[in-house]
Amino acid sequence: MQVPMILNEVLRLYPPLSSVFRHCERETNIGGISIPAGVEIFLLMLSLHHDPEYWGDDVEEFNPERFSEGVAKSSNKDHDQIAFYPFGWGPRICLGQNFAMIEAKMGLAMILQHFSFKLSPTYTHAPCSVITLRPQHGAPIIVHQLL
Ligand code: HEM
């Protein structure tokens, strides 16, 4: 299993930004839906990432294998759309997405050279969205230095 598969599955289940919004400047028609000018549209990535229609019945399970054939083939094969948008999409897509992925891979590689770690039994799973999605009670880990 490759590290990007693990990072992508983390970003699917817990996208740091759970939504992005767009302001509709002029009346627009998308897929037969008319959107009047002035309307604010929230695009809920969190909902899309947790939709069983796109991800299957095991949608809530942590399964990096979903990304074994890349992002484009990660969500349900019956749909032609991609349902994975942790960095947004289109002209305003995150400028730092490649940097963020490289940074995460490098950070993890540097940590794993010197330490092993596991989740503390005191951890309580309570993701909450306060601007970004985060663990409400932190994520305490137990670290062991490799000899
Ligand atoms: C896991 C880490 C990150 C996530 C999940 C993330 C996610 C996002 C999302 C969802 C957007 C909005 C995209 C849209 O409106 O369609 C965004 C925009 C942006 N991000 Fe990130 N981001 C991350 C890291 C970074 C980093 C490290 C940088 C800079 C070094 C960065 C710079 C930006 C900038 C400049 C924009 C605004 C782009 C624009 O409006 O044209 N991001 N990001």
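As a reminder, the structure under discussion sits directly above these lines.
Residues numbered from 1 in each chain as written. Predicted model: local features only at pLDDT ≥ 70, side-chain atom pairs only at ≥ 80, totals over all residues. Heavy atoms only, no water.

Participant: Give a description of the overall build of the protein chain that names residues and reports values.
Facilitator: Tallying secondary structure elements over the protein chain gives four helices and eight strands in all. Element order for the protein chain, N to C, with α for helix and β for strand: α-β-β-β-β-α-α-α-β-β-β-β. Structurally, the protein chain occupies a C-alpha span of about 65 × 30 × 30 Å along its principal axes. Within the protein chain, the fraction of its 147 residues that count as buried is 22%. Partitioning the contacts of the protein chain with sequence separation of at least 6, the portion at a separation of at least 24 is 53%. (Helix = DSSP H or I, 4+ residues; strand = E, 2+ residues; numbered from the N terminus. Buried < 20%, exposed > 50% of the residue type's maximum accessible area, 1.4 Å probe, protein only. Contact = heavy atoms within 4.5 Å.)

Participant: I'd like a rundown of the packing of helix α1 (residues 3-13) against helix α4 (residues 97-114), residues and numbers included.
Facilitator: The geometry of a pair of packed helices is captured by two quantities: the angle between their axes and the separation between those axes. With their axes 11 Å apart at the nearest point, α1 and α4 run at an angle of 115° to one another. Regarding α1 and α4, the two cross each other, and that crossing is right-handed. Contacts between α1 and α4 involve Val3, Pro4, Leu7, Asn8 and Leu11 on the former and, on the latter, Met101, Ala104, Lys105 and Leu108. (Axes fitted to C-alpha atoms, helices over the stretch in contact; angles between N-to-C directions. Left-handed = near helix turned anticlockwise from the far one by under 90°.)

Participant: Mind laying out the pattern of salt bridges, listing which residues take part and the relevant values?
Facilitator: Close approach of charged atoms allows side chains of opposite charge to pair. Scanning the model with the defined rule gives three salt bridges in all. Measuring nitrogen to oxygen at the nearest pair gives 2.9 Å for the salt bridge that ties glutamate 9 to arginine 66. Here the residue glutamate 9 occupies a position in helix α1, and arginine 66 occupies one in the loop between α3 (52-55) and α4, the gap between them amounting to 57 residues. A relative accessible area of 0% means that glutamate 9 is categorised as buried. The network of salt bridges with common partners includes Glu9, Arg12, Asp58 and Arg66. (Salt bridge = Lys/Arg side-chain N within 4 Å of Asp/Glu carboxyl O.)

Participant: Outline the packing of aromatic side chains, supporting the account with residue identities and numerical values.
Facilitator: In total, this model carries four aromatic pairs according to the counting rule given. The lysine or arginine in question, arginine 12, covers the ring of tryptophan 55, its NZ or CZ lying 5.1 Å from the ring centre. (Phe/Tyr/Trp six-rings, centres within 6.5 Å; stacked < 30°, edge-to-face > 60°. Lys NZ or Arg CZ within 6 Å of the ring centre and 35° of its normal.)

Participant: Quick one: what's the story with the environment of serine 120, residue by residue and with numbers?
Facilitator: Mapping serine 120 onto the fold places it in the loop between β5 (115-119) and β6 (127-130). Given a relative accessible area of 11%, serine 120 falls into the buried group. Considered as a pair, serine 120 and tyrosine 85 are 35 residues apart in the sequence and their alpha carbons are 30 Å apart. In this structure, serine 120 is in contact with Pro140, Ile141 and Ile142, ignoring residues within four places of it in sequence.

Participant: If you had to explain the environment of glycine 38 to someone new, which residues and values would you point to?
Facilitator: Its place among the elements puts glycine 38 in the loop between β3 (33-35) and β4 (40-44). Taking the C-alpha atoms as reference points, glycine 38 and glutamate 25, separated by 13 residues in sequence, lie 5.8 Å from one another. Setting aside residues up to four positions removed in sequence, glycine 38 forms contacts with His23 and Cys24.

Participant: Requested: an account of the site of the ligand, with residues and values cited.
Facilitator: The local shell around the ligand holds 16 residues, among which Arg22, Phe87, Trp89, Arg92 and Cys94 are the closest. Here an oxygen atom of the ligand and a side-chain polar atom of arginine 22 are 2.7 Å apart. One nitrogen or oxygen atom from the side chain of arginine 92 is found 2.8 Å from an oxygen atom belonging to the ligand. Sorting the residues of the shell around the ligand by element identifies β1 (19-23) and α4 as the ones contributing at least two each. Looking at side-chain class alone, the shell around the ligand contains twelve nonpolar, two polar and two charged residues. (Near = heavy atom within 4 Å. Polar contact = N/O pair within 3.5 Å; in protein donor to acceptor, adjacent residues only side chain to side chain. Nonpolar A, V, L, I, M, F, W, Y, C, P; charged D, E, K, R; others polar.)

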